[in-house]
Amino acid sequence: MNPLARRLTATTALLTALALTTACAKSEDDAAGKSSGSQGGGQVAAEPTKGAKTCTVGQYGGKKLDLKKATVGFSQSEKEANPFRIAETASLKAEAKKRGVKLLSANAQSQFSKQISDVQDLISKGADLLVIAPLNSDGWEPVLKQAAAKKIPIVTVDRKINAKACDDYVSFIGSDFVEQGRRAADQMIKATGGKGKVAILLGTPGNNVTTERTEGFRDRIEQKAPGLKVVFKQTGEFAREKGQQVTEQLIQSKPDIDGIYAENDEMGLGAVNALKSAGKKAGDVKIVTVDGTRNAVQGVTDKWIHGVIESNPRFGPLAFSTLDDFTSGKKVAQTIVIKDRVYTRANAERDLSKAY
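Below you will find a few notes about this structure. (Residues numbered from 1 in each chain as written. Predicted model: local features only at pLDDT ≥ 70, side-chain atom pairs only at ≥ 80, totals over all residues. Heavy atoms only, no water.)

1. Concerning empty space enclosed by the protein
Alright, step 1. According to the stated counting rule, one finds one cavity of 30 Å³ or more in the structure shown.
Alright, step 2. Approximately 110 Å³ is the volume attributed to the largest cavity.
Alright, step 3. The residue inventory of the lining of the largest cavity, partitioned by class, reads three nonpolar, two polar and six charged. (1 Å grid on protein atoms, 1.4 Å probe; cavity = no way out; pocket = protein on both sides within 12 Å on 5 of 7 lines; lining within 4 Å. Points joined across faces, edges and corners; volume = space filled by probe spheres on them. Nonpolar A, V, L, I, M, F, W, Y, C, P; charged D, E, K, R; others polar.)

See the structure below:
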């Protein structure tokens, strides 16, 4: 090979190496960015109130066991098209893998009858413990009876079931939904100046989340802003498409609406779509939502959404630590309330990586 050819070959090799190094660095940066976003904002339990009720394996009538040798069954309630459900399931699966615990999972696809049969199937497959994200609060008697016969501990996450703690189930882990409604009302009062007409996009009927988020919002408005009137309420079933449809109806019947309280982000994002289609500009109608999804928090930075009250779905670490404490004989709280942040114009861009 002549000198010129050698120089060209060496130069080509150097440029190729530099290109590969740059590409690798970029892909690693991208992966790191995605990882920090998906893993950020883990749940933190609020300090229990003095005299809060607890439960032990002895009180429950069960027996101690080594969680690492146990099989945990997880029942997801809704289709995993909703970012909350995606993050919730991913968190539980990741924590089970981290701890080396066998996890059986099922998805009810938003059908309550299927969720009941799903949990019964998890029991028949040998689940020693159950983590349930209930679709509805009522109607759990068949499952509770079957679990009680085998003394299988149950922890519910996100939504409560209407049953007796430390008898029918061990603990509920979730947000203070009444407080979420209050904080949403505070954001709406700030956005509207405490005057005007407001609509509520209700969540799915038949569960405590919808009931309590509505109660907290309504009571705070009545207490702090009597000039702010709720003139429209309709369920959007916690779905983006339904939220958009209901908002389209709202715009027709109440064109002078000042604010929309959506009881989850998906309905709020549906409302944004409807407002855009109607030719509204960002901020014309003040929107406050609950959840903390990445798209909704981005909506705050884009000024389509005024504020987002977080409802943290990353239940894995807290659920498994609760099960671990319980099965080893320690006391666990019957109700474990998690701390939730608020995303506003002041922090949304900075804290976007903590959204899910």
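2. Things to note about helix α7 (residues 208–224)
Alright, step 1. The first and last C-alpha atoms of α7 sit 24 Å apart over 17 residues, in line with the 24 Å expected at 1.5 Å per residue.
Alright, step 2. Among all positions of α7, only Asn208, Val209, Thr210, Glu212, Arg213, Thr214, Gly216, Phe217, Arg220 and Ile221 are buried.
Alright, step 3. The inward-facing, buried residues of α7 contact α6 (177–192), β7 (196–202), β8 (228–235), β9 (259–262) and β10 (286–291).
Alright, step 4. For α7, the capping residue at the N-terminal end is Asn207, with a side-chain oxygen 3.0 Å from the backbone nitrogen of Val209. (Helix = DSSP H or I, 4+ residues; strand = E, 2+ residues; numbered from the N terminus. Expected span 1.5 Å × (residues − 1). Buried < 20%, exposed > 50% of the residue type's maximum accessible area, 1.4 Å probe, protein only. Contact = heavy atoms within 4.5 Å. Polar contact = N/O pair within 3.5 Å; in protein donor to acceptor, adjacent residues only side chain to side chain.)

3. A short note on the state of the cysteines
Here a disulfide denotes one covalent bond, and it connects the sulfur atoms of two cysteines.
Alright, step 1. Within the structure shown, the criterion is met by one disulfide.
Alright, step 2. One disulfide bridge connects Cys55 with Cys166, the sulfur atoms lying 2.1 Å from each other. On the sign convention where negative means left-handed, the S-S torsion of about 80° between Cys55 and Cys166 marks this disulfide as right-handed. You can see Cys55 sitting in strand β1 (residues 54–55) and its partner Cys166 sitting in the loop between β5 (154–157) and β6 (171–174), a full 111 residues away along the chain. Here Cys55 and Cys166 have matching classes, each one buried. (Disulfide = S-S within 2.5 Å.)

4. Let's talk about the pairing of β9
Alright, step 1. Going residue by residue along β9, you find Gly259 and Tyr261 tucked away on one face and Ile260 and Ala262 tucked away on the opposite face as well.
Alright, step 2. Pairing of β7 with β9, which is carried by four bridges, proceeds in the parallel orientation. Within the sheet, the bridge partner assigned to Ala199 lies in β9 and is Ile260.
Alright, step 3. As for the winding sense of the linkage, the β-α-β connection from β9 through helix α9 (residues 265–277) to β10 is right-handed. (Pairing = 2+ DSSP bridges. Right-handed = clockwise from strand over helix to strand, strands pointing away.)

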